[in-house]
Amino acid sequence: MRLAAMTLRTALRALRRNKLRSALTMLGVVIGVAAVIVMVSIGQGATSAVERQIRSLGTNLLMVFPGATTRGGVRSGWGGASTLTVADAEAIAAECPAVSKVAWIKRSVAQVVNGELNWSTGIQGSSPSYAEVREWPVAHGSFFGEREEASAARVAVLGHTVVDKLFGVGEDPLGAVIRIKDVPFRVVGVLEKKGQNTWGQDQDDTILIPFSTAERRVLGTEILGTVDVIFGKTERPDDLAQASSQIEALLRQRHRTAPAEDADFTVRSLDDMARMSQSANDIMSMLLLAVASISLLVGGIGIMNILLVSVTERTREIGLRMAVGARRRHILAQFLVESVAISLVGGLAGAALGIGVSIAISALAGWPTVIAPEAVLGALLFAAAVGIFFGFYPARRAAGLDPIAALRFE
Amino acid sequence: MSAAGEPLIELRGVSRTFQAGESEVRALEDVDLDVQRGEFTAIMGSSGSGKSTLLHLLGCLDRPTRGVYRLAGRDVSRLSEDERAAVRSREIGFVFQSFNLIPRTSARENVELPLVYGGVSAAEQRERAETALREVGLADRAEHLPSQLSGGQQQRVAIARAIVGRPSLLLADEPTGNLDSRTSVEIIALFQRLNRERGMTVLLVTHESDVAGFTSRVITMRDGRILSDVRQTPVAARGEAA
């Protein structure tokens, strides 16, 4: 429609007439929209990183930790008590039909030496099923099996970080002999790189050795047969809940826990952990988004301020338009369009800036960011809404002018 | 449209009072006035005489407190704001003392403005704006901005804007007040020509009696009443640039 085109043209002309003023007014919206987009993309980046890390633990996985929990959360975490045993793990494997595969580990920190280089790292005594349950393939060499477990063989599978720390560039770790707590171990395999886990630990900074070897030759535990974590794997994700309750029931029975008592172990699925870190993430994202939105609102107030000035400056023009036949709603539309034009142009510039900053943050600070198209669109719509909202008052003021007074206005 | 002999403007017992705090200001009191189609009328009077209020009422920018105003046979004294905006768009052209052109907007677009609100197609707007500019002798200045035009030229653009909608009534509020005497005569000559050649009804407010001398009827106001209403033979204005 010709009137709409004219209204838009008039609005853009009015904005061009005061370039600096329009630009400064837009700046508030630019910053607001950019902030929203950056915050959302950092939040989404963190979320997808968490998801990736959770997945890296293995799929369809349950973990059983020693130590009790209350309904509110963990009371005592990893290794808080030595209440879980290899026998428990074997019982789960034998008696819980929903659990398809079981692995268990015992861990400790020890100094590891290879020739001149040494490194302190986590030593995990693992059942031979560990690599499969954690879905953690060996990149070079092979994982240890039942034979090594039975004979408490001094063989080790190294995480990627350990290889970096103990071996020079180009040096083949396979077949090398390293010393863990002065006990010589032959390196039989190198694990694939897995990256950080949910709580920021480098999962590749570890050495896996057979469980029996760990107990007898390295970790020197007083009570033989206790484990730090039991992993249970199910065939399908849907089996996780069932597997969890089967394990719970079995271990309560084995530990002779009365129904009213707190269990002395905790069963957690990856879902729970994902949810926990997700909710922490969500709260952070909401806070950041709230701050970013406030800057958009401040931008809106800037628009309102400038439009009020503009209405005053153009009082005679408004009077004239009314004299030649403009109705009040034409004048209202005129200033609303102007306001939305400021906020939308500012919004587009802000979107470009926000995307740029997100990319720069990824590149420079190494934070993962994900630019969600819906966040960009949402920020633009929000900016337009801010324009309408804050433009309405000045526009209504313009539309409410008395044409006679407006024409006489000096 | 209307029967011959029916006045274009018909005021009956029109009063307009303004509320100024406690007191009432009577800007117009019981005014009766008929203006025929094709008349060229000047309204004179000192400031505060009510001539501006009368002009605003006639231009449907304002409504009478009491009385009836019939424009082209239609009672417009009780119309809503939007209806009056429609009447202004269709029936009335305004010319102001200070031109009131929209800055940074070409002469042609300024002239098109009433048509935009009148719902005329883009092509017709352009054509009619160019015709109107030709009529006021500014065909070659269509794309100039107001700032690039002299005062007289700006007032011509304003007159083109006033006539582009083919109104039945052309109202001018001190149209020569901001112009030097030579340019003033040119503008008056333009009004005379529009009145004579296009039969346009022109009503202008002025306080300069020599301007009033170019019209065929002079109405003098004082204290909100019509003091005198004199028909005369107009002086022919010369010097209009072709």
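What you see is a predicted model; the values in this text were computed from it and never measured. (Residues numbered from 1 in each chain as written. Chains lettered and ligands numbered in written order. Predicted model: local features only at pLDDT ≥ 70, side-chain atom pairs only at ≥ 80, totals over all residues.)

1. Topic: the overall build of chain B
Okay, step 1: Secondary structure summary: chain B contains seven helices and ten strands in total.
Okay, step 2: Relative to the globule expectation of 18 Å for 242 residues, the C-alpha radius of gyration of chain B, 18 Å, shows essentially globular dimensions.
Okay, step 3: The C-alpha extent of chain B, read off along each of the three principal axes, is 50 × 45 × 40 Å.
Okay, step 4: Within chain B, buried positions represent 48% of all 242 residues. (Helix = DSSP H or I, 4+ residues; strand = E, 2+ residues; numbered from the N terminus. Rg over C-alpha atoms; globule rule 2.2 N^0.38 Å. Buried ≥ 20, exposed ≤ 12 C-beta atoms within 10 Å, placed from the backbone.)

2. Topic: the overall build of chain A
Okay, step 1: Summing up its helical and strand segments, chain A has 13 helices and twelve strands in all.
Okay, step 2: Whereas a compact globule of 410 residues would reach a radius of gyration of roughly 22 Å, chain A reaches 33 Å, over 25% beyond that.
Okay, step 3: Dimensions of chain A, computed from the C-alpha atoms along their principal axes, are close to 105 × 55 × 30 Å.
Okay, step 4: Partitioning the intrachain contacts of chain A with sequence separation of at least 6 by distance along the chain shows that 81% fall at a separation of at least 24. (Contact = placed C-beta atoms within 7 Å.)

3. Re the packing of helix H5 (residues 151-163) of chain B against helix H6 (residues 181-197) of chain B
Between two packed helices, what matters for the description is the angle formed by their axes and the separation of those axes.
Residues and elements named next belong to chain B.
Okay, step 1: Remark: H5 packs on H6, axes separated minimally by 10 Å, with the N-to-C direction vectors making an angle of 20°. With respect to their mutual orientation, H5 and H6 come out roughly parallel. Crossing of H5 against H6: the hand is right-handed. Contacts from Gly151, Gly152, Gln155, Arg156, Ile159 and Ile163 of H5 reach H6 at Thr183, Glu186, Ile187, Leu190 and Leu194. (Axes fitted to C-alpha atoms, helices over the stretch in contact; angles between N-to-C directions. Parallel < 35°, antiparallel > 145°, perpendicular 65-115°, else oblique. Left-handed = near helix turned anticlockwise from the far one by under 90°.)

4. With respect to the nonpolar core
Okay, step 1: By size, the foremost hydrophobic cluster in this structure holds 124 residues, and its most contacted members are A:Val33, A:Ile37, A:Ala379 and B:Ala160.
Okay, step 2: Considering every element that reaches this core, the biggest residue donor is helix H2 (residues 19-56) of chain A, with 16 residues.
Okay, step 3: Those residues in contact with B:Ala160, other than ones at most four positions away along the chain, are B:Val111, B:Ala132, B:Leu133, B:Glu135, B:Val136 and B:Leu138.
Okay, step 4: The next biggest cluster of nonpolar side chains, apart from the first, holds 52 residues, and it includes A:Val162, A:Leu166, A:Phe185 and A:Leu240. (Core = buried A, V, L, I, M, F, W, Y, C linked by C-beta atoms within 7 Å.)

5. Observations concerning the sheet that holds strand S7 (residues 169-173) of chain B
Sheet strands pair via backbone hydrogen bonds, and the direction of the pair is either parallel or antiparallel.
Residues and elements named next belong to chain B.
Okay, step 1: If you trace the six strands from one edge of the open sheet to the other, you get S6-S7-S8-S3-S9-S10, paired in mixed fashion. This sheet does not close on itself; its edge strands, each paired only once, are strand S6 (92-95) and strand S10 (225-231). Between one strand and the next, the sheet's axes are offset by a mean angle of 20°, whatever the strand orientation.
Okay, step 2: Sheet strands touched by H5: S6 and S7. Its angle to S6, the strand with the most contacts, is close to 170°.
Okay, step 3: Of the strands in this sheet, strand S3 (40-44), S7 and strand S8 (201-205) are in contact with H6, which crosses S8 at around 155°. (Pairing = 2+ DSSP bridges.)

6. Some details on the interface of chain A and chain B
Okay, step 1: Across the contact, 19 residues belong to chain A and 21 residues belong to chain B.
Okay, step 2: For the side of chain A that touches chain B, the secondary-structure elements that each account for two or more residues are helix H1 (2-17), helix H10 (315-323), helix H11 (328-365) and helix H13 (403-408) of chain A.
Okay, step 3: Grouping the constituent residues of the side of chain A that touches chain B by class yields ten nonpolar, two polar and seven charged. (Nonpolar A, V, L, I, M, F, W, Y, C, P; charged D, E, K, R; others polar.)

7. Details of the pairing of S10(B)
All names here are of chain B.
Okay, step 1: Alignment of strand S9 (residues 217-222) against S10, held across six bridges, turns out to be antiparallel. Considered in S10, the bridge of Thr220 is made with Ser228.
Okay, step 2: Here S9 hands over to S10 after two residues, with Asp223 in that stretch at a positive phi of 50°.

8. What to know about the confidence of the model for chain A
Okay, step 1: Mean pLDDT over chain A stands at 85; residues scoring 70 or higher make up 94%.
Okay, step 2: Taken together, the stretch residues 69-80 of chain A has pLDDT below 50 and engages in 19 contacts with residues farther than four places along the chain or on a different chain. (pLDDT = per-residue confidence, 0-100.)

9. A look at the sheet that holds strand S2 (residues 23-35) of chain B
Okay, step 1: Here we have four strands laid out as an open sheet, ordered S2-S1-S4-S5 (chain B), and antiparallel in their pairing. Pairing within the sheet leaves two strands with one partner each, and these edge strands are S2 and strand S5 (74-75) of chain B.

10. Side note on the packing of H11(A) against helix H12 (residues 373-399) of chain A
Residue and element names in this part refer to chain A.
Okay, step 1: Packing of H11 against H12 leaves a shortest axis separation of 7 Å and a crossing angle of 150°. Of the possible angle classes, the one that applies to H11 and H12 is roughly antiparallel. Of the two possible hands of crossing, H11 and H12 adopt the one that is right-handed.
Okay, step 2: Here the residues of the contact of H11 with H12 sort into 21 nonpolar, six polar and four charged.

11. Quick notes on the environment of A:Asp204
Okay, step 1: Within the secondary structure, A:Asp204 is located in the loop between strand S9 (183-191) and strand S10 (206-210).
Okay, step 2: In sequence terms A:Asp204 and A:Trp104 are 100 residues apart; their C-alpha atoms lie 18 Å from each other.

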